[in-house]
Amino acid sequence: MFRRSRPGARETIQAPLSPLAVGTEAPGFTLPATEGDDVSLSDFRGQPVVLVFYPADWSPVCGDQLALYNEVLPLFEEHQAQVLAISADGIWCHRAFAENRNLRFPLLADFEPKGAVARAYGVYDAKAGTSKRALFVLDAEGIIRWSYVSPSGVNPGADGILAALEAL
């Protein structure tokens, strides 16, 4: 789509993004984590993974969403699932946010190049400079078995994640 912001402005092309389809192999990645080490998706091969893309630390909806996943973490663990939360915020912001919220799962910094992992999954919002609020459940082989993109201001809850984990 071509968009001209004002007469004479340079034209830009914005490719439409859509989340990766169910049945697709999840793109691999390695990102800095709140614990101080880099985390790779391949580290969790052999177990289900819940990828939680969220727009920003410290936003009210993101805070509520991640607090909910922290509360229901034992239910995810019953399925041996690892939760990985990803946003384009930097690692220092993640660490402060995780400590403030007592989060017990890693927050990964998709910071540089900004949003590269969110782009690979088709859930980067270039206009906002953040990832969309998106969820992916991967099986033990790294195949996407369920996904959901929520409106930015809506907490998607955990029911869909739990149903997808139960279906694995």
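Calculation rules
Residues numbered from 1 in each chain as written. Predicted model: local features only at pLDDT ≥ 70, side-chain atom pairs only at ≥ 80, totals over all residues. Heavy atoms only, no water. Helix = DSSP H or I, 4+ residues; strand = E, 2+ residues; numbered from the N terminus. Contact = heavy atoms within 4.5 Å. Areas by Shrake-Rupley, 256 points an atom, 1.4 Å probe, with all protein chains shown as cover. Phe/Tyr/Trp six-rings, centres within 6.5 Å; stacked < 30°, edge-to-face > 60°. Buried < 20%, exposed > 50% of the residue type's maximum accessible area, 1.4 Å probe, protein only. Salt bridge = Lys/Arg side-chain N within 4 Å of Asp/Glu carboxyl O. Expected span 1.5 Å × (residues − 1). Arc of directions from axis to C-beta. Pairing = 2+ DSSP bridges. Axes fitted to C-alpha atoms, helices over the stretch in contact; angles between N-to-C directions.

Enquirer: Looking at this structure, I do not really get the overall build of the chain. What am I missing?
Expert: A count of helical and extended segments in the chain gives 5 helices and 11 strands. Within the chain, residue pairs in contact and separated by at least 24 positions form 64% of the contacts whose partners lie at least 6 positions apart. Accessible area of the chain: about 8,700 Å², with a carbon and sulfur share of 52%.

Enquirer: How should I be thinking about the packing of aromatic side chains in this particular structure?
Expert: Where two aromatic rings form a pair, the distance of their centres and the angle of their planes describe that pair. For the structure on display, the rule yields 7 aromatic pairs. A ring pair is formed by Phe29 and Tyr121, whose centres lie 6.4 Å apart and whose planes are at 70 degrees; its orientation type is edge-to-face. Here Phe29 is found in the loop between strand E2 (12–13) and strand E3 (30–32), whereas its partner Tyr121 is found in the loop between helix H4 (116–120) and strand E8 (124–125), with 92 residues between them in sequence. The exposure classification of Phe29 matches that of Tyr121, with both residues buried. Look at Trp146 and Tyr148: their rings are 6.4 Å apart centre to centre, the planes differ by 15 degrees, and that puts the pair in the stacked class.

Enquirer: Would you take a moment to explain the environment of Gly142 for this structure?
Expert: Tracing the backbone shows Gly142 in the loop between strand E10 (133–138) and strand E11 (144–150). Between the C-alpha atom of Gly142 and that of Gly23, which follows or precedes it by 119 residues, the distance is 9.6 Å. Discounting chain neighbours no more than four positions away, the residues touching Gly142 are Thr24, Glu25, Ala26 and Arg45.

Enquirer: I keep staring at the pattern of salt bridges and nothing clicks. Help me out?
Expert: Side-chain pairing between opposite charges can occur once the charged atoms of the two side chains come close. In total, this model carries 1 salt bridge according to the counting rule given. The closest approach of N and O atoms between Arg145 and Asp139, which form a salt bridge, is 2.8 Å.

Enquirer: Help me out: how do you make sense of helix H1 (residues 60–71) in this one?
Expert: At 3.6 residues per turn, the α-helix brings residues three or four places apart onto the same side. When the terminal C-alpha atoms of H1 are compared, their 17 Å separation across 12 residues agrees well with the 16 Å that a helix rising 1.5 Å per residue should span. Looking only at H1, the buried set comprises Cys62, Gly63, Gln65, Leu66, Tyr69 and Asn70. End-on view of H1: buried residues confined to an arc of 165 degrees, all on one side of the axis. Exposed residues pointing more than 90 degrees away from the buried face of H1 are listed as Pro60 and Glu71.

Enquirer: Would you mind going over helix H3 (residues 91–101) with me for this structure?
Expert: Listing the buried residues of H3 in full gives Ile91, His94, Phe97 and Ala98. Seen end-on, H3 carries its buried residues on one side only, within an arc spanning 125 degrees. For H3, exposure combined with an orientation more than 90 degrees from the buried face picks out Trp92 and Glu99. Close packing links the buried residues of H3 with E3, H1, strand E6 (82–87) and strand E7 (107–109). Directly beyond the C-terminal end of H3, a positive phi value near 55 degrees is found at Asn102.

Enquirer: Even after reading the chapter, I still don't get the pairing of strand E5 (residues 49–53), so can you show me in this structure?
Expert: Here is the key point about a regular strand: its side chains alternate between the two faces of the sheet. Along E5, 5 of the 5 residues are buried, which leaves the element largely enclosed by surrounding structure. Side chains of E5 alternate between two faces, with Val49, Leu51 and Phe53 and Val50 and Val52 buried alike. Here E5 pairs with E6 via 5 bridges, running parallel. Bridge pairing in E6 links Val50 to Val83. Judged from the 5 bridges that link them, E5 and E10 form a sheet pairing that is antiparallel. Residue pairing for E10: Val50 is matched across the bridge by Val137.

Enquirer: Even after reading the chapter, I still don't get the sheet that holds E5, so can you show me in this structure?
Expert: Two pairing modes exist for strands in a sheet, parallel and antiparallel, and in both the strands are linked by backbone hydrogen bonds. Taken together, 5 strands build an open sheet; the order of strands is E7-E6-E5-E10-E11 and the sheet is mixed. Strands with a single pairing partner mark the edges of an open sheet, and in this sheet they are E7 and E11. Pairwise comparison of adjacent strand axes, ignoring direction, gives a mean angle of 20 degrees for this sheet. With 3 bridges connecting them, E6 and E7 associate as parallel partners.

Read these as spatial facts, not as claims about activity.
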